[in-house]
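One-letter residues, chain by chain:
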Number of protein chains: 2
Amino acid sequence: MEEKEMSVMAHPVEAIIATADAAIANEDFDALMDIYCEDALLVIRPGVNVTGKAQIRRAFEAIAAHFNHSVRVSQAGIMVLEASDTALVLAKTVVSTSNVPDVTRNATYVFRKDSSGCWHCAIDNSYGHELLSAEEAPGVLPEE
Amino acid sequence: MEEKEMSVMAHPVEAIIATADAAIANEDFDALMDIYCEDALLVIRPGVNVTGKAQIRRAFEAIAAHFNHSVRVSQAGIMVLEASDTALVLAKTVVSTSNVPDVTRNATYVFRKDSSGCWHCAIDNSYGHELLSAEEAPGVLPEE
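Here's what I pulled together on the structure shown here. (Residues numbered from 1 in each chain as written. Chains lettered and ligands numbered in written order. Predicted model: local features only at pLDDT ≥ 70, side-chain atom pairs only at ≥ 80, totals over all residues. Heavy atoms only, no water.)

### A short note on the pattern of salt bridges
When their charged atoms lie close together, side chains carrying opposite charge are able to pair. So the rule is basically this: Within this document, salt bridges are pairs made up of a side-chain nitrogen of Lys or Arg and a carboxyl oxygen of Asp or Glu, the two lying within 4 Å of each other. Helix and strand labels come from DSSP, where a helix needs a run of H or I of at least four residues and a strand needs a run of E of at least two; each type is numbered from the N terminus. Buried residues are those whose accessible area, probed at 1.4 Å on protein chains only, stays under 20% of the maximum for their type, while exposed residues exceed 50% and partly exposed ones sit between those limits.
As enumerated under the stated definition, the model contains 10 salt bridges over all chains in all. Taking the shortest distance from any N to any O, the salt bridge between B:Arg57 and B:Asp30 comes out at 2.8 Å. Remark: B:Asp30 occurs in helix H3 (residues 29–33) and B:Arg57 occurs in helix H4 (residues 53–66); sequence separation between them is 27 residues. Classification of B:Arg57 by relative accessible area gives partly exposed; the value is 28%. Owing to a relative accessible area of 51%, B:Asp30 belongs among the exposed residues under this scheme. Among the salt bridges present, the one from B:Arg57 reaches B:Glu61, with a minimum N-O distance of 3.1 Å. With B:Arg57 and B:Glu61 both in helix H4, this residue pair falls 4 residues apart, about one helical turn. The exposure class assigned to B:Glu61 is partly exposed, which follows from its relative accessible area of 33%. Connected via shared salt-bridge partners are A:Asp30, A:Arg57 and A:Glu61.

### As for the nonpolar core
In globular proteins that are soluble, nonpolar side chains generally tend to be buried together. As a reminder, the rule being used: By nonpolar core is meant a set of buried Ala, Val, Leu, Ile, Met, Phe, Trp, Tyr and Cys residues that side-chain atoms within 4.5 Å join together. Whether two residues touch is decided by their heavy atoms; if any such pair falls within 4.5 Å, the residues are in contact.
Of all hydrophobic cores here, the largest spans 92 residues; its most connected members are A:Leu32, A:Tyr36, A:Phe111, B:Leu32, B:Tyr36 and B:Phe111. If near-sequence neighbours (up to four positions away) are discounted, B:Leu32 is found in contact with B:Ala20, B:Ala23, B:Ile24 and B:Phe60.

### So, the interface of chain A and chain B
The condition that has to hold: Gly is placed with the polar residues, together with every amino acid not listed as nonpolar (Ala, Val, Leu, Ile, Met, Phe, Trp, Tyr, Cys and Pro) or charged (Asp, Glu, Lys and Arg).
Taken together, the contacts link 35 residues of chain A with 34 residues of chain B. Summed over the shared surface of chain A and chain B, the result is 0 salt bridges. Put simply, the parts of the chain that give the side of chain A that touches chain B at least two residues each are strand E1 (36–45), strand E3 (72–83), strand E4 (86–96), strand E5 (103–113) and strand E6 (119–125) of chain A. The class makeup of the residues in the side of chain A that touches chain B is 19 nonpolar, 10 polar and 6 charged.

### With respect to the sheet that holds strand E6 (residues 119–125) of chain B
Residue and element names in this part refer to chain B. For the record, the criterion: In short, DSSP must find at least two bridges between two strands for them to pair. Angles shown run from 0 to 180 degrees and are taken between the N-to-C directions of axes, each axis being a line fitted to C-alpha atoms and, for helices, limited to the stretch in contact.
Pairing in this open sheet of 6 strands is mixed, and the strands run E2-E1-E6-E5-E4-E3 from one edge to the other. In the strand order of this sheet, the two ends are held by strand E2 (48–51) and strand E3 (72–83), each with one partner. Neighbour-to-neighbour, the strand axes of this sheet turn through a mean angle of 25°, independent of strand direction. Two elements, strand E5 (residues 103–113) and E6, share 6 bridges in a ladder whose sense is antiparallel. In the sheet register, Phe111 faces E6, and the bridge partner there is Cys121. Contacts from helix H2 (residues 12–26) reach E3, strand E4 (86–96), E5 and E6 within the one sheet, and its direction differs from that of E3 by about 155°.

Here it is as structure tokens:
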């Protein structure tokens, strides 16, 4: 069991997520976009998705500006399930900004492994199951 | 918004999940296995996964026997996010058996679209984020 947990901790997708968290803090959007598939989907807030690197970059730029360049993202817990060149990430994602209290979300991310063995994020849904009850749990991120 | 919800309801993966739910009730394991990728991953209970159709079939057979052939699965809510031939399903999955009270889980499923346009389940994790706090939320499904 201990070995299994150590094995899970070593999944390469976890290092990519750490890189993404640092890129968001540094507002290094070139590095951030390297993490996504070309046609990736990002849930900006419940009911509002964007698709493709150009839209995702604009969304992150708008979010950074809206929160006075204070956005920090970290993972308080993470598990990766992999099958069929596909990885499902279950994470306790903590979003911090100077404007609003910290929020911890049960985030769900999906990564795909390409033919060269590289992983990229296909679906970035930090809201997890909140999408099923969006009227009860409005997002903290801004309108575009 | 109404149109969007109708569009989400029409995703072909939802019909596949309904077929899977019926196949579990009918113990039609041939039909059930048609739904999975060859190397799919099934979370039997937190900390115990199986991989590949042969192991998944044996797990469902063991579960059916353990619960006296009374297992019923239904979806009380469902949302599909699709990108890059990959679909993330967020569901409120209700598991009913004659032995124990009904359980509703925040389930996470990942489907892959193959080159012929057919969707198959790559990752079947009915426990969702319970995997991150398994000691607090033991599974109801049996050991193999």
